[in-house]
2 protein chains.
Amino acid sequence: MELDHVRFMAIAIEEAKAGAAQGEQPFGAVVVDGKGELVVRSRSLKVSACDATAHSETLAVKYATQKLGRRMLPDCTFYATCEPCPMCLGAILNGGFNTLVLGARNRDIKQLAKIAFNFGDYTVERFAEMSGWDLKVIEGIRTAECIDLYATAKVELTR
Amino acid sequence: MELDHVRFMAIAIEEAKAGAAQGEQPFGAVVVDGKGELVVRSRSLKVSACDATAHSETLAVKYATQKLGRRMLPDCTFYATCEPCPMCLGAILNGGFNTLVLGARNRDIKQLAKIAFNFGDYTVERFAEMSGWDLKVIEGIRTAECIDLYATAKVELTR
């Protein structure tokens with residue numbers, strides 16, 4: 001079925017904002033199943049958990065695979081407010097996803113002042129090509145709102 | 001200081017074997033600090049936790065960053081019984097590591113019967129190049145023992 005990407009990205013943005021309000025970096029993710037039902041929503045917890053792996057996207061994969069009771073979710077769609085980092089994209093690969101919906105791109109937010117990470121020439125497409133993964137990327141969903149999350153972030157965006 | 005790679009890889013192998021004995025896939029990881037002290041040791045928990053992200057390496061990064069109370073560990077060395085998957089290598093990147101010590105390579109274990117994952121042309125070196133990461137890779141440490149972990153695995157090695 002055709003999913004309402006604009007609606008689900010809005011939920012990911014809500015998560016990012018809720019995270020930012022509690023001192024986290026403003027990243028949000030959502031997993032939706034093949035029937036259009038929201039499975040999980042998540043925000044970054046890496047600051048409060050002092051855990052370099054607790055990004056919103058790894059947590060969404062964790063929560064979704066645990067909730068659905070299976071480690072591969074090829075019927076589900078993944079939403080992220082920003083192009084996931086290589087770790088998070090690897091989590092999405094390991095979760096068996098085939099479709100990724102993006103708000104902002106790393107190249108959009110790299111220009112902003114407080115960004116302290118750099119992944120070289122990495123893009124989700126380049127990673128997918130390297131790993132032999134036929135990933136469908138849908139971009140441009142609420143992009144201006146997503147970029148604004150990072151432009152107005154009160155914390156430095158670090159790894 | 002010069003670390004005793006053979007000794008620390010033996011601990012990672014112990015973790016992999018202990019995991020296999022409890023029904024997990026036989027992967028183990030160890031983090032050692034700059035003084036040569038073991039920080040954490042870990043095994044895969046993805047089967048028992050039904051969590052696509054609970055690989056030994058992501059867990060080692062989580063445990064180590066939490067234990068040391070900082071999210072970047074450039075002074076630490078990471079040991080893995082097998083070349084980490086893209087997600088796990090991304091976790092090692094996010095954890096700020098600069099040195100990775102390997103037992104087996106994916107290309108070594110791909111030939112074995114029960115391997116059900118495939119990451120295309122991925123190697124740790126190709127990932128590091130893509131992401132602009134000056135990662136030092138030390139390989140060939142207890143490699144035969146590490147390959148044997150996968151050759152004798154009683155569970156199918158899936159994502």
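In this text the structure is predicted, and so the values were computed from the model without any measurement.

(A) Local environment of the sheet that holds strand β1 (residues 28-32) of chain B. Residues and elements named next belong to chain B. Pairing is mixed across the open sheet formed by five strands, whose spatial order is β2-β1-β3-β4-β5. Every interior strand has two partners, whereas the edge strands, β2 (38-43) and β5 (136-138), have only one. The sheet shows a mean angle of 20° between the axes of neighbouring strands, taken without regard to direction. As judged from the four bridges shared by β1 and strand β3 (residues 77-82), these two strands associate in the antiparallel manner. Of the residues in β3, the one forming a bridge with Val30 is Tyr79. Here helix α1 (residues 5-21) sits on the sheet in contact with β1, β2, β3, β4 (99-104) and β5, set at roughly 35° to β2.

(B) The packing of helix α3 (residues 56-68) of chain A against helix α4 (residues 86-94) of chain A, seen in detail. Residues and elements named next belong to chain A. Where α3 contacts α4, the axes come no closer than 8 Å and their chain directions differ by 20°. Considered as vectors, α3 and α4 are oriented roughly parallel to each other. You can see that α3 and α4 cross each other, and the crossing is left-handed. Contact residues: Glu57, Thr58 and Val61 in α3; Met87, Cys88, Ala91 and Ile92 in α4. Residues that form the contact of α3 with α4 fall into these classes: five nonpolar, one polar and one charged.

(C) View of the nonpolar core. Core analysis: the largest hydrophobic core is formed by 106 residues, its most contacted members being Phe78 of chain A together with Phe78 of chain B. Ignoring anything within four residues of it in the chain, the contact list for Phe78 of chain B reads Ala29, Val30, Val31, Glu57, Ala60, Val61, Ile92, Phe97, Thr99, Leu100 and Val101 of chain B.

Conventions adopted
Residues numbered from 1 in each chain as written. Chains lettered and ligands numbered in written order. Predicted model: local features only at pLDDT ≥ 70, side-chain atom pairs only at ≥ 80, totals over all residues. Heavy atoms only, no water. Pairing = 2+ DSSP bridges. Helix = DSSP H or I, 4+ residues; strand = E, 2+ residues; numbered from the N terminus. Axes fitted to C-alpha atoms, helices over the stretch in contact; angles between N-to-C directions. Contact = heavy atoms within 4.5 Å. Parallel < 35°, antiparallel > 145°, perpendicular 65-115°, else oblique. Left-handed = near helix turned anticlockwise from the far one by under 90°. Nonpolar A, V, L, I, M, F, W, Y, C, P; charged D, E, K, R; others polar. Core = buried A, V, L, I, M, F, W, Y, C linked by side-chain atoms within 4.5 Å. Buried < 20%, exposed > 50% of the residue type's maximum accessible area, 1.4 Å probe, protein only.

Honestly, it's all geometry; don't read function into it.
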